[in-house]
Amino acid sequence: MGKNYKLIAITAMAISVIGIISCLFSFYGVWKGASQFNTVPDIFQILFSFTTLNLSFTNKFEHSDIWNFIFYVLLFIGGLQFIRTKGKETRFVGFVFSVIFLEAIILLLQSTFYKVFIIQWENITSKQVFYLMLSYVVLFGVLYLSFRILKIIKSEKEIDIIKTEAKTTVTDTGKWQRFFHWIVDATIMALILIPFVISLGYWLMESDVLRESEGLRMFFRSRWSLYVIVFAFFFIYYPVSEILFGSTPAKFLTESRVVNSKAESPGSSVVFLRTLCRNIPFDALSFFAKRGWHDSLSETYVVKEKRTGFKTNKLLWILPVLAIYLAVMYFGKRYYSEYTSHREMEDRMSEKLKFLESEIKNPNPGQFFVVNDIDYYGDIDNYGFKIEKVEGNKITIKRIMGEFLSESNFSQAKYLYQQQKDSAKTFVIRKDEFVKMFPKNQEEFYRPSVTMEFFEPGIRYNIENVYNFNIPFLEAQISNTTNDYSDRKATVYFTNHGASGTITNIKNIEGDMKWKTGFPVIISNQINSPAMIDVENFDLSGENVSQIDVLDSLKQKHTYIFKNRGFQTEITKVK
């Protein structure tokens, strides 16, 4: 092949490696819990512009790159086989490049439609314009390269002809390989078409096209729009493949091609007739007879080319590898998420038990305990109690009434106490009995074996949670007012529901987020006046952990751990 050999080898390896790296980066973000990639570094944004496939059976984000990865790996393997056999083995290379060629045509149509009808050029930045134009140039380049590579591959192929003294015979492609063609081509058509249909639906919803035309709106809301799109795609997929190369992607795999009765490439009109006949009901099963309907009606044949690589049955080893890979990607993510969620819940419960142990063993007048009845199911709304005094072995408490919710919170407890503190009934309990209530493990917390009669005789309660009204109780929200996550800037709003205090320092423990403010920062208990602190290096898809040091009004130091994953935040007090 000379220079052509180098062109195919270099292009196959370059596209496959770029594609594999991009897919692995996406997989990493998905497995870390990312929901979008607005914060992708510039180097990866440029890399993504050189990826050529957009194959998927679904719009679920965690599955979006699975099939792309499969085809890039096949191209990588095919490239290695191509190099190892000095250009003789071309099946994987031809197969994947034929898919890339067809995908590039659809992406080019899709991109043109988007740029002409959807995008509002006055609202996009120069950086976005650059990436839009870069992707357009790359598409044209990929279209040209894949076309040239496929033409080179086909120019090296000859039809498998058996000559004897009596006659010359062309080897027909077997029925089971024809069935294989139908399955593979139908799968590839679905992989290419489904993302296009999903994108088209999203774009039409966001644009004014449907609002301005009642006819278009009714058309796209009916099944006929899908039928028209599929029918039109049929007349891109098969005619383009068979007119230009004589083979669809599946036929590249089995080294087959379409010919006429003279064993020559059929004309365009014949191929279009052949494609039209494919729409006859049950045509896909007709080739189990002597000839398929779309073959006989168009006077065409599917014949074998001379085999130049390894035997076709050696391709079967890919099937178990593919099955394992799909199982890991489709189901592994779910099991991994369940495992990490379980571990996180275990860690949170362990922290909560340590916190309860400390609070129960050190009762003080600032504490409010949320309780739940164990052996009574009446209509007594005992929400909890507030410790008023601790004198020796006696603890004076006030019973607070209210409907118990499974997710009680600090604000609810404080509100109920403020409303009832002057009218609440007072009780006295023993400190030594109270301290014994601490659950030793998670099982005791969920199924308490040690309980106490706080209020009515015979009605026993366990402790669900505890809040301290005498110290700050912090909550946080993160906001990005510009909606441009590439600048990695945001603002954290700290709301204090407890006693007033002062943030003396915030130290990053994990992650790269930087806190841009001068300390100290006052955090009053006015809900409408949160403390605002700007941050840099905010990563929408990453996690950060920071330590917050706070002084309360009595100059006592308290430590909190601030965690965020994107916009999700959590603050816990460290004992």
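You'll find the structure just up there.
Criteria and thresholds
- All chains use their own residue numbering, which begins from 1 and follows the written sequence.
- Two thresholds apply to this predicted model, a pLDDT of at least 70 for residue-level local features and 80 or more for giving and counting side-chain atom pairs, whereas whole-chain, interface and lining totals are computed over all residues.
- Where side-chain values are given, they derive from all heavy atoms of the structure, hydrogens and water being excluded.
- By the criteria applied, helices consist of DSSP H or I runs no shorter than four residues and strands consist of E runs no shorter than two, each listed in order from the N terminus.
- Accessible area is worked out with a 1.4 Å probe on protein chains only. A residue is then buried under 20% of its type maximum, exposed over 50%, and partly exposed in between.
- Working definition of accessibility: Shrake-Rupley area with a 1.4 Å probe, residue cover restricted to the visible protein chains.
- Side-chain rings of Phe, Tyr and Trp (the six-membered ring for Trp) are treated as a pair once their centres are within 6.5 Å; stacked means planes under 30 degrees apart, edge-to-face means over 60, and tilted covers the remaining angles.
- By convention a nonpolar core is built from buried Ala, Val, Leu, Ile, Met, Phe, Trp, Tyr and Cys residues, the set being connected through side-chain atoms within 4.5 Å.
- The contact definition used throughout considers only heavy atoms, calling two residues in contact when any of these lie within 4.5 Å.
- Note on pairing: two strands pair once DSSP finds at least 2 bridges between them.
- Each axis is a line fitted through C-alpha atoms, taken for helices only over the stretch in contact, and angles between the N-to-C directions span 0 to 180 degrees.
- One less than the residue count of a helix, multiplied by 1.5 Å, gives the span that helix is expected to have.
- Here a cavity means grid points, on a 1 Å grid over the protein atoms only, where a 1.4 Å probe fits yet cannot get out; a pocket means an open set of points with protein on both sides within 12 Å along at least five of seven lines; lining residues are those with an atom within 4 Å of a point.
- Grid points are joined across faces, edges and corners, and a volume is the space filled by probe spheres set on the points.
- Basically, the charged four are Asp, Glu, Lys and Arg, the nonpolar ten are Ala, Val, Leu, Ile, Met, Phe, Trp, Tyr, Cys and Pro, and anything else, Gly included, counts as polar.
- Note that the arc is computed from the directions linking the helix axis to the C-beta atoms.
- By the criterion applied in these results, polar contacts are pairs of N or O atoms within 3.5 Å in which, for protein atoms, one can donate a hydrogen and the other can accept it, and in which residues neighboring in sequence qualify only through two side-chain atoms.
- Note that the term roughly parallel is reserved for angles under 35 degrees, roughly antiparallel for angles over 145, roughly perpendicular for angles of 65 to 115, and oblique for everything else.
- Should the near helix be turned anticlockwise from the far one by less than a right angle, the crossing is termed left-handed; should it be turned clockwise, right-handed.
- Any carboxyl oxygen of Asp or Glu that lies within 4 Å of a side-chain nitrogen of Lys or Arg is treated as forming a salt bridge with it.

(A) Representation of the overall build of the protein within the structure. For the protein, the count of helices and strands is 16 helices and 18 strands. Out of the 575 residues in the protein, the part that is buried amounts to 44%. Accessible area for the protein stands at about 30800 Å²; split by element, carbon and sulfur atoms hold 57% of it.

(B) Looking closely at the packing of aromatic side chains. Counting across every chain of the model gives 33 aromatic pairs. Measuring from ring centre to ring centre gives 6.0 Å for Phe233 and Tyr237, while their planes differ by 45°; the resulting arrangement is tilted. Of this pair, Phe233 and Tyr237 are both found in helix H9 (residues 223-244), 4 residues apart, which corresponds to roughly one turn of the helix. The two residues Phe233 and Tyr237 agree in class, both being buried. Seen in terms of ring centroids, Phe234 and Tyr238 are 5.6 Å apart; in terms of plane orientation they differ by 45°. Their pairing is tilted. You can see Phe234 and its partner Tyr238 sitting in helix H9, 4 residues apart, about one turn around the helix.

(C) Highlighting the nonpolar core. Within the largest apolar cluster, 60 residues are counted, with the highest numbers of intra-cluster contacts made by Phe71, Phe95 and Phe97. Secondary-structure elements contributing two or more residues to this core are helix H1 (3-31), helix H3 (66-84), helix H4 (91-118), helix H5 (126-155), helix H6 (175-206), H9 and helix H10 (249-254). Sequence-distant contacts of Phe97, that is, excluding residues within four places in its chain, are made with Thr11, Ala12, Ile15, Leu75, Ser146, Ile149 and Leu150. Grouped together as the second largest cluster of nonpolar side chains are 23 residues, Ala490, Phe494, Ile506 and Val535 included.

(D) Quick look at the sheet that holds strand S11 (residues 489-496). Taking strand neighbours across the sheet as the criterion, the 4 strands line up as S10-S11-S15-S13 in an open arrangement whose pairing is antiparallel. The two strands at the open ends of the sheet, each matched to only one other strand, are strand S10 (474-479) and strand S13 (514-516). Adjacent strand axes in the sheet meet at a mean angle of 35° when their direction is disregarded. Where S11 and strand S15 (residues 531-536) come together, 6 bridges link them in antiparallel fashion. Within S15, the residue paired with Val492 across the bridge is Ile533.

(E) Geometry of H3. Compared with the 27 Å implied by 1.5 Å per residue over 19 residues, the 27 Å span of H3 between its first and last C-alpha is a close match. Directly beyond the C-terminal end of H3, a positive phi value near 60° is found at Lys86.

(F) Geometry of empty space enclosed by the protein. Counting across every chain of the model gives 3 cavities of 30 Å³ or more. Considering only enclosed or pocket space, the largest cavity measures out at about 100 Å³ in volume. As for the largest cavity, its lining consists of Ile360, Met437, Phe438, Pro439, Glu444, Phe445, Pro448, Ser449, Val450, Asn462 and Ile463. Elements represented by at least two residues in the lining of the largest cavity include exactly helix H16 (442-446) and strand S9 (461-468). Here the residues of the lining of the largest cavity are counted per class, giving 8 nonpolar, 2 polar and 1 charged.

(G) Region of the structure containing helix H11 (residues 268-277). Three or more residues of H11 are buried, namely Val271, Arg274, Thr275 and Cys277. Buried positions in H11, seen along its axis, are confined to an arc of 160° and lie on one side of it.

(H) Looking closely at the environment of Leu75. Examined against the element boundaries, Leu75 turns out to sit in helix H3. Once the C-alpha coordinates of Leu75 and Ala14 are considered, the two residues, 61 residues apart in sequence, prove to be 9.9 Å apart. Among residues more than four places away in sequence, those in contact with Leu75 are Ala12, Ile15, Ser16, Val93, Val96, Phe97 and Ile100.

(I) Spotlight on the side chain of Asn465. Here Asn465 shows up in strand S9. Taking relative accessible area as the criterion, Asn465 reaches 16% and is therefore assigned buried. Separated by 3.5 Å, the side chains of Asn465 and Tyr467 make a polar contact. Among all residues touching Asn465, those that are not within four sequence positions of it are Lys352, Leu356, Phe368, Phe369 and Val370.

(J) Looking closely at the sheet that holds strand S6 (residues 382-391). If you walk across this open sheet you meet the 5 strands as S8-S7-S6-S5-S9, and the pairing is antiparallel. Where the open sheet ends on each side, the last strands, each with one partner, are strand S8 (426-430) and S9. Ignoring strand direction, the axes of neighbouring strands in this sheet form an average angle of 35°. Of the strand pairs in this sheet, strand S5 (residues 367-373) and S9 are connected by 7 bridges, and their pairing is antiparallel. Bridge pairing in S9 links Gln367 to Asn468. Seen against the sheet, helix H14 (residues 410-420) touches S5, S6, strand S7 (394-401) and S9 and runs at an angle of roughly 95° to S7.

(K) Structural context of the packing of H9 against H11. Running from N to C, H9 and H11 point in directions that differ by 135°, and their axes come no closer than 9 Å. Relative to H11, the element H9 is oriented oblique. Pair H9 / H11 crosses with right-handed handedness. Contacts from Phe231, Phe234, Phe235, Tyr238, Pro239, Glu242 and Ile243 of H9 reach H11 at Ser268, Val271, Phe272, Arg274, Thr275 and Leu276. For the contact of H9 with H11, the class distribution of residues is 9 nonpolar, 2 polar and 2 charged.

(L) Spotlight on unusual backbone geometry. The omega torsion across Phe519 and Pro520 is 10°, close enough to zero to call that bond cis. Summarising the element assignment, Pro520 is placed in the loop between S13 and strand S14 (521-523). Even without being a glycine, Lys86 presents a positive backbone phi close to 60°. Inspection of the secondary structure assignment puts Lys86 in the loop between H3 and H4. For Asn537, which is not a glycine, the phi torsion comes out positive at approximately 60°. Relative to the helices and strands, Asn537 is located in the loop between S15 and strand S16 (543-552).

(M) A look at the pattern of salt bridges. By the definition in use, this model includes 19 salt bridges. Between Arg274 and Asp295 there is a salt bridge, with the nearest N and O atoms lying 2.5 Å from each other. One end of the pair, Arg274, is in helix H11; the other, Asp295, is in helix H12 (residues 293-296), and 21 residues separate them in sequence. Among the residues examined, Asp295 registers a relative accessible area of 2% and is labelled buried.

(N) Examining the pairing of strand S12 (residues 501-510) more closely. Sheet topology places S12 next to S14; 3 bridges connect them, and they run antiparallel. Among the inter-strand pairings, Thr502 is bridged to a residue of S14, identified as Ile522. Sheet topology places S12 next to S16; 8 bridges connect them, and they run antiparallel. Note on S16: the bridge partner recorded for Ile503 is Val550.

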